[in-house]
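Each chain, written out:
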Amino acid sequence: MRGARELNGGENKMIQVDPEKCKKDGLCREECPVAIIDWGKHGGFPEMIDGGEKNCLVCGHCVAVCPNGALSHKLVPLEECPTIDEKLRVDLDQVTQLLRSRRSIRNFRERPVEKEKIERLIHIARYAPTGGNLQLVHWTVFTSREAIWKMASLAIEWIRKLMETVPLASLPPYMPRIVAGWDSGKDTVLRNAPVVLIASSPKQDPNGMVNVTLALSYLELAALPMGLGTCWAGILQRALQSYEPLREMVALPEGHTNHYPMMLGYPKFRYFRLPERRPPQISWR
Ligand SMILES: Cc1cc2nc3c(=O)[nH]c(=O)nc-3n(C[C@H](O)[C@H](O)[C@H](O)COP(=O)(O)O)c2cc1C
């Protein structure tokens, strides 16, 4: 980018501004969430303040907000940030229908899910926000029938042990039913899903559970136009929190205490209606 080196005092600066494109509108300066962009001494173009690198969230807002493509960031290079395609904008009715038509899938087709599709979904899920833009979510992906069956069977083992040691009345009523279903050949833990994904984040991530949840939410919505369906695996999650043999089998990255599993696959059935929910509970203050 011509002129950038002179303007920003060398290659080590994180942001580079093209003086021929910059209109000095100050949008990058106003937009920066940590206020580390200011008017520079060299011709009044925006610059990162001294030591700003340490506080930069690497969120890319400075690149995204510039209408002139004048600013590039070392870690969010302009050439890797495509312009928004107006033709691809969706309207509120489309978004509402997409969100309302997502269903928890409990009957999957036998068909395996292509690895490229799983990878594509995980790539899209990266665009979910993360606290402080930390981006620490990790994915553990199971695609083998045997491994998925093993996970479900360990969850059943955990419920059986609970039923032996804890008064039945204190357990959720669905637990004995899950075991009875398993014994009659029905897996209501992982529903014979062809894929199980576990999103996880390290203990030291202050917003770990929120970040994991958001990533999974993005993934499950992105799965819809690909003809795929998902279901949050709440029973497996509870077992994973408590049962060491299952934790060992799943082998999440060391220290990843924030986690949630999700089933993924091609739905066996289509849905024709959008079920209504209860009215929202709102307190206007
Ligand atoms: C955190 C969470 C955990 C869930 N765990 C399970 C589960 O273990 N098994 C299951 O069949 N459905 C599970 N569900 C799906 C809910 O039952 C479902 O979202 C709800 O019945 C509404 O149906 P819908 O998702 O199709 O709108 C879970 C959903 C969430 C959000």
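Quick notes on the rules
- Residues numbered from 1 in each chain as written.
- Predicted model: local features only at pLDDT ≥ 70, side-chain atom pairs only at ≥ 80, totals over all residues.
- Heavy atoms only, no water.
- Helix = DSSP H or I, 4+ residues; strand = E, 2+ residues; numbered from the N terminus.
- Buried < 20%, exposed > 50% of the residue type's maximum accessible area, 1.4 Å probe, protein only.
- Contact = heavy atoms within 4.5 Å.
- Areas by Shrake-Rupley, 256 points an atom, 1.4 Å probe, with all protein chains shown as cover.
- Axes fitted to C-alpha atoms, helices over the stretch in contact; angles between N-to-C directions.
- Parallel < 35°, antiparallel > 145°, perpendicular 65-115°, else oblique.
- Left-handed = near helix turned anticlockwise from the far one by under 90°.
- Nonpolar A, V, L, I, M, F, W, Y, C, P; charged D, E, K, R; others polar.
- Near = heavy atom within 4 Å.
- Polar contact = N/O pair within 3.5 Å; in protein donor to acceptor, adjacent residues only side chain to side chain.
- Pairing = 2+ DSSP bridges.

(A) Spotlight on the overall build of the protein chain. Secondary structure summary: the protein chain contains 10 helices and eight strands in total. Projected onto its principal axes, the C-alpha coordinates of the protein chain cover approximately 75 × 45 × 40 Å. Burial statistics for the protein chain: of 285 residues in total, 40% are counted as buried. Taking contacts inside the protein chain between residues at least 6 apart in sequence as the whole, the part at least 24 apart equals 73%. Accessible surface computed for the protein chain: about 17,500 Å², of which carbon and sulfur atoms make up 53%.

(B) Region of the structure containing the packing of helix α6 (residues 145-165) against helix α9 (residues 234-242). The contact between α6 and α9 brings their axes to 9 Å, and the two run at 70 degrees. On the basis of the axis angle, α6 is roughly perpendicular to α9. Read as a crossing pair, α6 and α9 show a hand that is left-handed. Of the residues in α9, those in contact with Met151, Ala155, Trp158 and Ile159 of α6 are Ile235, Leu236, Arg238, Ala239 and Ser242. In terms of residue class, the contact of α6 with α9 is built from seven nonpolar, one polar and one charged.

(C) Focus on the environment of isoleucine 105. Following the sequence through the fold, isoleucine 105 ends up in the loop between α4 (92-101) and α5 (115-125). Judged by its relative accessible area of 3%, isoleucine 105 is buried. In contact with isoleucine 105, not counting residues within four places along its chain, are Gly229, Thr230, Cys231, Pro267 and Tyr271.

(D) Spotlight on the site of the ligand. Around the ligand sit Arg102, Arg103, Ser104, Arg106, Arg191, Cys231, Trp232, Ala233, Gly234, Ile235, Tyr260 and Arg277, and that is every residue in its neighbourhood. Here an oxygen atom of the ligand sits 2.8 Å away from a polar atom, N or O, in the main chain of glycine 234. Look at the ligand: alone it shows 620 Å² of surface, and the protein chains cover 62% of it. Taken together, the elements giving at least two residues each to the shell around the ligand come down to β7 (229-232) and α9. When grouped by side-chain class, the residues that make up the shell around the ligand number five nonpolar, two polar and five charged.

(E) Representation of the sheet that holds β7 within the structure. Pairing in this open sheet of four strands is antiparallel, and the strands run β5-β6-β8-β7 from one edge to the other. At either margin of the open sheet sits one strand with a lone partner, and together these are β5 (138-142) and β7. Mean inter-strand twist for the sheet, computed between neighbouring axes without regard to direction, equals 25 degrees. On top of the sheet, α5 reaches β5, β6 (195-201) and β8 (258-265); it is set at about 160 degrees to β5, its chief contact. Packing against the sheet, helix α8 (residues 208-223) makes contact with β5, β6, β7 and β8, and its axis sits at approximately 10 degrees to β8.

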